[in-house]
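Chain by chain, the residues run as shown.
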Amino acid sequence: MGAFDWFWKAMGSTTQRNDKVSRSIIERSGELSAQFKAYSDEGVVEAVRAAVGERGIEDKVAFIAGLAEASTRALAMAPFGVQSQAVLRLLEGDVIQMDTGEGKTLVGAMAATGFALTGKRVHLMTVNNYLAQRDAEWMRPLVEFFGLTVGAVTEASTREERVAAYRCDVVYAPVAEIGFDHLRDNQITRREDAVQAPADVALVDEADSVLIDEALVPLVLAGSVGTQQATGRITEAVSRLSAGTDYAVDSTGRAVSLTEHGARAIERSLGIESLYDAEHVGDTLVRVNLALHAKALLIRDVHYIVDDGKVALVDASRGRVAELQRWPDGLQAAVEAKEGLDVSEGGRILDSITLQALMRRYPQVCGMTGTAVEATEQLRTFYGLRVSVIERATPTKRFDEADRIYATAAEKNRAIVEEVALLNGRGQPVLVGTHDVAESEALAAQLRQLGIEVSVLNAKNDAEEARIIAEAGDVGRVTVSTQMAGRGTDIRLGGADESAREEVVSLGGLAVIGTSRHRTSRLDNQLRGRAGRQGDPGLTVFFVSLEDDVVVTGGADSKVTAQPDAEGRITDPKVAAFIEHCRRVTEGQLLEIHAQTWKYNKLIADHRDILDERRAAILDTPVAWRELAARCPQRAAELDGLPAEVREQAAREIMAYHLDAEWSAYLALMDEVRESIHLRAIARETPIDEYHRIAVREFKELANRAVDQAAETFAKVEIDAAGAHLDDAGWKRPSATWTYMVSDNPLSGGGNSLISGVANIFR
Ligand code: ADP
Ligand code: MG
């Protein structure tokens, strides 16, 4: 018996108990619903409102019955019992697991409306702009049925639109936009300039993607400072290096390192003694590594394209130009220098936050996804969230075939093409899930040679992808797509209008083919979930080769021998078990990275909470004036003639300016510390302990320095009826800011991990 069995037992019994309770509520609310049918709309609203008391929802039965009745009337969708049950679990703050196609959009909207009815503002977080817009419009009648308001924020929203949307009771928005708006709001000096309004609940759709897969991606707010990074000489020196003698790329093609020979060559070109001297390790060596990374690992037209004199990243998992993404600043500059482009203005990072830290800002977090169970442990440790599994409304008729294993990638690919051709010959629709766009394109080309018509999802926008994927279930369709493309869109059998539904059902429904296993079973299951929605028939199968990434990485320390048949297929169960083993290894590696990175981020997140509190006090109270007047009574006396609000606002701006500047410097410093700890991770203390020690010390100093400097500025800057003239004194806030996501996500299963070598430097 393992040490934690008692814990899981305890967990199991609570879940079961909750389950029983909610089931009985659903049963009784079903009976009540019949009664509600006779009510007027106002009557339903009143019944639901009456179910809410001082302490929140007091009569769950009436509450759920009323919500369901409202949905039936406003949306013409009568929620299934399981959907109502899911709503209850969300209102309790769980992450619910509900299969794809079971109607999570409605569940989320009902729960959001439920929260709003108890006076809580909800941010309903979607994975992209398209879904935020679509779901807000789709679900609007339900929210408005109760006289509540709903709005959507997308990347394209103007400032005014954002202000209006964030003041609604239910706000649909992609999680990145919420993060960016939060960062921008942390730069204001007057409360009335805030775009966001406080929210009480984050309800996260595709919760595992957001809370786990993308949790560590930093969202960054940068501002122009008008300096450039001097990468020219280093780029030159690095461009002369040759593979093998001067640098070595590791077997996975993901990391590159200088050889002794290469290091000497660089030292000669730059005229320095040793790259590994203390004075160069933090700076020159980092930039040499960046330039080398840009030269050796980032390939034009695969990892990025050059368009209009600018470098644009290709998001390998989606296969399109990643509008919002940049590499970490230094790498971006290194690639620009390599391509001989103008090195983009050296932005100063003003602030950055990970999605994980963003979620901490909500008093309550809950979420929904088709694949939560595999993430139970992570959701619990990182967010304190419980997972509730919701049954399907109708049992699945999907058939998940065992993996088809091949010795080599070439044999596997041949078999995939044959299988697609076979299914397509019968007219059965096929959705092929690949790992990156290059793979999608190659496969599509082979299929087209056989005269098969193929749709490849590499559209320029999510709306276009949604349109294509919506048709993926039609007769004779072959759709090739990377993992995340088109997610959130329902694949109906017989096409979006279901006109050929009967025919496709008789053919066995949608067939989903995975071209290799992902690094976690959760991602495999996301793909499988595309088939067999709402009790439809369907088929899923993964093709695997012993040359696959997962197998090579996960099986590095063990060997397996097998007897392939003439086609290269391996049916030995030992090999299937070996592949499971490989995947457990890669899954473990990801977990470890996540746990490690979380440790580094946690402290900064704690510090951010303190900063936010301080900033709020500066904005909302006269504390800045009080503190500065106490430090410089003479100066305060000189300003006696000014109206109180002018003096207070001047003090506010001075205090906030220095606080923000110090915070930005602190983030930059801690980034550097992380790098250098990694680079000289030789015997010293445990890196994480040392990192913590430095972070705590620096943060304390930051706080003191910010006040000291504010006092100094307060004493000498010109302050008159127009306020504090900070600009004239050189204390200028950046004139332009921009936001981006750092594309070094160490957990992404897609091709982005190609730059995980450099991610080490930035982690
Ligand atoms: P999920 O997000 O769980 O994959 P969606 O919210 O996209 O699923 O819903 C899938 C489909 O099911 C949608 O077309 C939706 O209209 C339909 N649907 C959901 N709930 C109901 C219901 N109670 N009655 C009828 N149709 C429903
Ligand atoms: Mg959905």
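Quick caveat: nothing in here was measured; it's all calculated off a predicted structure.

1. Things to note about the overall build of the protein chain
When its secondary structure is counted, the protein chain shows 28 helices and 28 strands. Burial analysis of the protein chain (763 residues in total) assigns 56% to the buried set. Across the protein chain, contacts joining residues at least 24 apart in sequence account for 76% of those joining residues at least 6 apart.

2. Focus: the site of ligand 1
The full set close to ligand 1 counts 17 residues, and Gly-101, Thr-105, Asp-490, Arg-492 and Gln-534 are the nearest of them. For ligand 1, an oxygen atom lies 2.8 Å from a polar atom in the side chain of Asp-490. Here ligand 1 loses 83% of its free accessible area of 570 Å² to cover by the protein chains. Residues belonging to the shell around ligand 1 are distributed by class as follows: five nonpolar, six polar and six charged. When residues of the shell around ligand 1 are assigned to domains, at least three map to each of domain 1 (17-221 + 356-389) and domain 3 (397-571).

3. A few points about the UniProt feature "binding site: ATP" (unreviewed entry) in the protein chain
In the numbering used here, UniProt assigns the "binding site: ATP" (unreviewed entry) feature to Gln-83, Gly-101, Glu-102, Gly-103, Lys-104, Thr-105 and Asp-490. Relative to the assigned elements, Gln-83 resides in helix H4 (residues 81-91). Owing to a relative accessible area of 4%, Gln-83 belongs among the buried residues under this scheme. Excluding its chain neighbours within four sequence positions, the residues that come into contact with Gln-83 are Met-98, Glu-102, Gly-103, Leu-106 and Val-107.

4. A word on H4
Three- or four-residue spacings in an α-helix give side chains the same orientation, since the helix completes a turn every 3.6 residues. For H4, the buried fraction is high: ten of the eleven residues fall into the buried class. The first or second residue beyond H4 is Gly-93, which carries a positive phi of 95 degrees.

5. Some remarks on the side chain of Ser-440
Relative to the helices and strands, Ser-440 resides in helix H18 (residues 437-449). Within the structure, the side chain of Ser-440 is placed 2.7 Å from the side chain of Thr-434, a separation counted as a polar contact. Excluding anything up to four places from it in sequence, Ser-440 contacts Thr-434, Val-456, Val-480, Ser-481 and Thr-482.

6. Looking at unusual backbone geometry
At Ala-76, a position not held by glycine, the phi torsion is positive, near 60 degrees. A positive phi angle is found at Glu-498, which is not glycine, with a value near 60 degrees. Residue position: Glu-498 is located in the loop between strand E22 (478-482) and helix H20 (501-507). Here Glu-498 falls in the partly exposed class, since its relative accessible area comes to 30%.

7. Digging into the packing of aromatic side chains
Within the structure shown, the criterion is met by nine aromatic pairs. A ring pair is formed by Phe-382 and Trp-598, whose centres lie 6.0 Å apart and whose planes are at 80 degrees; its orientation type is edge-to-face. Taken as a pair, Phe-382 in helix H16 (residues 376-383) and Trp-598 in helix H23 (residues 573-620) lie far apart in primary sequence, 216 residues in all. Exposure remark for Trp-598: the relative accessible area of 13% places this residue in the buried category.

8. Side note on the pairing of strand E23 (residues 510-514)
Burial runs high along E23: five of the five residues are buried. Burial along E23 is two-sided: Leu-510, Val-512 and Gly-514 facing one way and Ala-511 and Ile-513 facing the other are all buried. Alignment of E23 against strand E24 (residues 537-545), held across five bridges, turns out to be parallel. Residue pairing for E24: Ala-511 is matched across the bridge by Leu-539. Each parallel crossover has a hand, and the one from E23 via helix H21 (residues 521-528) to E24 is right-handed.

9. Some details on the nonpolar core
If you look at the biggest cluster of nonpolar residues, it comprises 53 residues, and the most contacted ones within it are Val-87, Leu-90, Ile-96, Leu-142, Phe-146, Tyr-172 and Leu-203. Sort the elements by how many residues they give to this core and helix H5 (residues 104-117) lands first, with nine residues. What Ile-96 contacts, discounting residues up to four positions off in sequence, is Ala-86, Arg-89, Leu-90, Val-107, Gly-367, Met-368, Thr-369, Ser-388 and Ile-390. The next biggest cluster of nonpolar side chains, apart from the first, holds 42 residues, and it includes Ala-207, Ile-212, Ile-353 and Leu-355.

10. A closer look at the packing of helix H10 (residues 232-239) against helix H11 (residues 260-270)
Their axes nearest at 9 Å, the elements H10 and H11 cross at an angle of 140 degrees. The angle between H10 and H11 places the two elements in the oblique class. Judged by the sense of rotation from one axis to the other, the crossing of H10 with H11 is right-handed. Within the contact between the two elements, H10 uses Arg-233, Ile-234, Ala-237 and Val-238 and H11 uses Ile-266, Ser-269 and Leu-270. Grouping the constituent residues of the contact of H10 with H11 by class yields five nonpolar, one polar and one charged.

11. Quick word on the environment of Asp-213
Examined against the element boundaries, Asp-213 turns out to sit in helix H9 (residues 207-213). Its relative accessible area of 13% is what places Asp-213 among the buried residues. The sequence separation of Asp-213 and Leu-590 amounts to 377 residues, and the corresponding C-alpha distance is 9.7 Å. A distance of 2.7 Å separates polar atoms of two side chains, one belonging to Asp-213 and the other to Arg-522.

12. A word on the side chain of Arg-530
By the element assignment, Arg-530 lies in the loop between H21 and E24. Nearest to the buried, unbridged Arg-530 among oppositely charged side chains is Glu-206, at 7.3 Å. Side-chain polar atoms of Arg-530 contact the backbone oxygen of Thr-489, separated by 3.2 Å. If we ignore the near neighbours within four places in the chain, the residues touching Arg-530 are Leu-431, Ile-469, Ala-485, Gly-486, Arg-487, Thr-489, Ile-491, Leu-510 and Val-512.

13. Some points on the sheet that holds strand E4 (residues 122-126)
In space, the seven strands of this open sheet follow the order E5-E6-E4-E7-E16-E3-E17, with parallel pairing throughout. Edge positions in the open sheet fall to strand E5 (150-152) and strand E17 (387-389), since each of these has one partner strand only. Each strand of the sheet is rotated relative to its neighbour by a mean of 20 degrees, with strand direction disregarded. Strand direction decides the pairing type here: strand E3 (residues 95-97) and strand E16 (residues 364-369), joined by three bridges, are parallel. Residue Val-95 lies in a different strand from E16, and its bridge partner there is Gly-367.

14. Side note on H10
Buried within H10 are the following residues: Ile-234, Thr-235, Ala-237 and Val-238. When H10 is viewed along its axis, its buried side chains cluster within an angular range of 165 degrees and face the same direction.

15. Considerations on the pattern of salt bridges
Under the definition given, this model contains 54 salt bridges. The residue Arg-73 makes a salt bridge to Glu-69 at a minimum N-O spacing of 2.8 Å. In this pair, Arg-73 and Glu-69 are both assigned in helix H3 (residues 60-75), four residues apart and thus about one turn of the helix distant. Classification of Arg-73 by relative accessible area gives partly exposed; the value is 27%. The shortest N-O distance in the salt bridge between Arg-522 and Asp-213 comes to 2.7 Å. Of this pair, Arg-522 sits in helix H21 while Asp-213 sits in helix H9, placing them 309 residues apart in sequence. One exposure class covers both Arg-522 and Asp-213, and it is buried. When salt bridges with common partners are traced through the structure, they connect Asp-403, Arg-517, Asp-524, Glu-580, Arg-583 and Glu-587 into a single cluster.

Definitions and cut-offs
Residues numbered from 1 in each chain as written. Chains lettered and ligands numbered in written order. Predicted model: local features only at pLDDT ≥ 70, side-chain atom pairs only at ≥ 80, totals over all residues. Heavy atoms only, no water. Helix = DSSP H or I, 4+ residues; strand = E, 2+ residues; numbered from the N terminus. Buried < 20%, exposed > 50% of the residue type's maximum accessible area, 1.4 Å probe, protein only. Contact = heavy atoms within 4.5 Å. Near = heavy atom within 4 Å. Polar contact = N/O pair within 3.5 Å; in protein donor to acceptor, adjacent residues only side chain to side chain. Areas by Shrake-Rupley, 256 points an atom, 1.4 Å probe, with all protein chains shown as cover. Nonpolar A, V, L, I, M, F, W, Y, C, P; charged D, E, K, R; others polar. Domains from an automatic or database assignment. UniProt positions renumbered as here; feature names shortened; annotations may be inferred. Phe/Tyr/Trp six-rings, centres within 6.5 Å; stacked < 30°, edge-to-face > 60°. Pairing = 2+ DSSP bridges. Right-handed = clockwise from strand over helix to strand, strands pointing away. Core = buried A, V, L, I, M, F, W, Y, C linked by side-chain atoms within 4.5 Å. Axes fitted to C-alpha atoms, helices over the stretch in contact; angles between N-to-C directions. Parallel < 35°, antiparallel > 145°, perpendicular 65-115°, else oblique. Left-handed = near helix turned anticlockwise from the far one by under 90°. Lys, Arg positive; Asp, Glu negative; His and termini not counted. Salt bridge = Lys/Arg side-chain N within 4 Å of Asp/Glu carboxyl O. Arc of directions from axis to C-beta.

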